[in-house]
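Here are the chains, one letter per residue:
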Amino acid sequence: MEVKSKAKVIGLVITTCPACHNPINFDRQTTKICAYCETEVQINLDKVEVSLKSPINKKVKLNLN
């Protein structure tokens with residue numbers, strides 16, 4: 001069973017820069033300049049998705065509030 005849900009971003013989103021693959025942190029901002037290669041990186045914080053995979057015979061409770 002796989003559960004997917006939209007998440008409300010209330011903290012820090014850590015991802016990698018698409019240009020240089022170094023880490024970049026987003027904290028409620030949608031646009032940042034990469035500290036390593038100075039590329040402007042944008043993220044859509046409304047489409048951050050949480051996914052949980054679990055065996056079928058187990059109950060899964062997911063609360064994002």
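Throughout, a residue's number is its position along its own chain's written sequence, starting from 1. In keeping with the model being predicted, local features are shown solely for residues with a pLDDT of at least 70 and side-chain atom pairs are shown and tallied solely at 80 or more, while totals for entire chains, interfaces and linings include all residues. Side-chain numbers here rest on the full set of heavy atoms in the structure, without hydrogens or water.

Colleague: Mind laying out the overall build of the protein, listing which residues take part and the relevant values?
Modeller: Helix and strand counts for the protein come out as zero helices and six strands. Working definition: helices are DSSP H or I runs of at least four residues, strands are E runs of at least two. Numbering for both runs from the N terminus. Ordered by position in the sequence, the α and β elements of the protein form the string β-β-β-β-β-β. Each residue gets one of three labels from its accessible area relative to the maximum for its type: buried under 20%, exposed over 50%, partly exposed in between, using a 1.4 Å probe on protein chains only. Buried residues in the protein amount to 17% of all 65 residues. By sequence separation, contacts in the protein at least 24 residues apart represent 39% of the contacts at least 6 residues apart. Contacts were defined at the residue level, with two residues in contact if any of their heavy atoms lie within 4.5 Å.

Colleague: Talk me through the pattern of salt bridges; I want residue IDs and the actual numbers.
Modeller: Working definition: two side chains of opposite charge can pair if their charged atoms are close together. Criterion for a salt bridge: a side-chain nitrogen of Lys or Arg within 4 Å of a carboxyl oxygen of Asp or Glu. The final tally for this structure, using the stated rule, is one salt bridge. Residues aspartate 27 and lysine 32 are paired through a salt bridge, measuring 3.9 Å at the closest nitrogen-oxygen approach. By relative accessible area, lysine 32 is classed as partly exposed at 22%.

Colleague: How would you explain the pairing of strand 3 (residues 23-26) if you had to name every residue and give the values?
Modeller: Here strand 3 shows one buried face, formed by Ile24 and Phe26, and one open face, formed by Pro23 and Asn25. Paired strands, as defined in this entry, are two strands with at least two bridges between them according to DSSP. Note: strand 2 (residues 13-16) against strand 3, four bridges, orientation antiparallel. Counterpart to isoleucine 14 in the pairing with strand 3 is asparagine 25.

Colleague: Could you give me a rundown of the environment of proline 23, with the residues and numbers involved?
Modeller: Structurally, the position occupied by proline 23 is in strand 3. Discounting chain neighbours no more than four positions away, the residues touching proline 23 are Thr15, Thr16 and Tyr36.

Colleague: Kindly report on the nonpolar core, identifying the contributing residues and their values.
Modeller: If you look at the biggest cluster of nonpolar residues, it comprises eight residues: Val13, Cys17, Ile24, Phe26, Cys34, Val41, Ile43 and Leu45. Discounting residues that sit within four places of it in the chain, isoleucine 24 has contacts with Val13, Ile14, Thr15, Thr16, Cys17, Lys32, Ile33, Cys34 and Val41. We call a set of buried residues a nonpolar core when its members are Ala, Val, Leu, Ile, Met, Phe, Trp, Tyr or Cys and they connect through side-chain atoms within 4.5 Å of each other.

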